[in-house]
Amino acid sequence: MNDITEPLHGYAADEVRDQLRAGIPAVVQTVIDTQAAELRTLRAEAVQHRDLLAAIAESLDVPLPSIATRDELVCRGLLSSRASRVVSAARLILAKGHSLDGTAQWIRRGAANTPVTYTPWVQAEEREPEPPAAEPEPVPDTSLKPRQVQLLARIRATGGRWSAGMVHVFYRDGEHRSVQRGTARRDLERLTALGHLTTHGPQDGRYYLLADRGVDRG
């Protein structure tokens, strides 16, 4: 054997083994450090990717517009503008290698410079309840005489059957004592002609009911 292939013995072999033992931990540590650095880089990139996606979502997540045509048009224009900025950001990353962090900030600045200016749509349960509409005050029928207005109010308050005799008593007990029975009958016929009352019964037993009630409560 020559000097190259001849096995090492004794002191020389021990020295080689000591050198190998000393070098192995250094190599392993180097590998560990390299992998740790790569892992930190991957984690940082993952955070930047997540932040970029969040910036895109924030930019495009705009509230729905109201049903007004103008609000729908403004919302459509806003979305188109912000979407164009997001597409430009993606091209800058792919073509020119722009940083993810800087691109996310650029998208957010664009969204801040194009705020929502339309009226958002609000669900029915979220809207402020409208105050109940005030009931219109009854408008007096100017085609009736004052005593006929009083008679109609009394019939509406009490209901039931009303005859000419009952109206005559009502007038006599009130402030129209001079009204005759024939006038009382004509007042009933006048209220019937205007649609306030309906006529029932034969000629000699005629009575009147409220037209809007349609039932006899007397």
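For the structure itself, look to the data block above.
Here's what I pulled together on the structure shown here. No experiment lies behind these values; they were computed from the predicted model shown.

Calculation notes
- Residues numbered from 1 in each chain as written.
- Predicted model: local features only at pLDDT ≥ 70, side-chain atom pairs only at ≥ 80, totals over all residues.
- Heavy atoms only, no water.
- Pairing = 2+ DSSP bridges.
- Helix = DSSP H or I, 4+ residues; strand = E, 2+ residues; numbered from the N terminus.
- Buried < 20%, exposed > 50% of the residue type's maximum accessible area, 1.4 Å probe, protein only.
- Patch = residues over 30% accessible without salt bridge, like charges linked within 9 Å, V, L, I, M, F, W, Y side chains within 5 Å.
- Areas by Shrake-Rupley, 256 points an atom, 1.4 Å probe, with all protein chains shown as cover.
- Salt bridge = Lys/Arg side-chain N within 4 Å of Asp/Glu carboxyl O.
- Lys, Arg positive; Asp, Glu negative; His and termini not counted.
- Charge placed at Lys NZ, Arg CZ, Asp CG, Glu CD.
- Axes fitted to C-alpha atoms, helices over the stretch in contact; angles between N-to-C directions.
- Parallel < 35°, antiparallel > 145°, perpendicular 65-115°, else oblique.
- Left-handed = near helix turned anticlockwise from the far one by under 90°.
- Contact = heavy atoms within 4.5 Å.
- Nonpolar A, V, L, I, M, F, W, Y, C, P; charged D, E, K, R; others polar.

As for the pairing of strand E2 (residues 207–210)
The pairing of strand E1 (residues 197–200) with E2 spans 4 bridges and is classified as antiparallel. Note on E2: the bridge partner recorded for Leu 197 is Leu 210. Hairpin connection from E1 to E2: 6 residues lie between these consecutive antiparallel strands, with Gly 201 at a positive phi of about 85°.

Considerations on the environment of Ile 107
Looking at where Ile 107 falls in the secondary structure, it is placed in helix H3 (residues 100–113). Overall, Ile 107 belongs to the buried group, its relative accessible area being 2%. The spacing of Ile 107 and Ser 88 is 19 residues in sequence and 9.6 Å in space, taken between C-alpha atoms.

Regarding a positive patch on the surface
There is a patch of like positive charges on the surface, built from Lys 145, Arg 181, Arg 185, Arg 186 and Arg 206. Among the structural elements, Arg 186 can be located in helix H6 (residues 181–193).

Remarks on the packing of helix H5 (residues 164–173) against H6
Close contact between H5 and H6 brings their axes to 8 Å; oriented N to C, the two are set at 110°. The pairing of H5 with H6 is recorded here as roughly perpendicular in orientation. In terms of crossing hand, the pair formed by H5 and H6 is right-handed. For the pair formed by H5 and H6, the contact residues are Ala 164, Gly 165, Val 167, His 168 and Tyr 171 on the first element and Arg 181, Ala 184, Arg 185, Asp 187 and Leu 188 on the second. For the contact of H5 with H6, the residue count by class is 5 nonpolar, 2 polar and 3 charged.

Some remarks on the pattern of salt bridges
The full count for this structure, using the stated rule, is 5 salt bridges. Residue Arg 108 pairs with Asp 51 through a salt bridge whose shortest N-O separation is 3.2 Å. One end of the pair, Arg 108, is in helix H3; the other, Asp 51, is in helix H1 (residues 11–60), with 57 residues separating them in the sequence. The class of Arg 108 is partly exposed, set by a relative accessible area of 29%. For Arg 70, the salt bridge identified is with Asp 71, shortest N-O distance 3.6 Å. You can call Arg 70 exposed: its relative accessible area is 55%.

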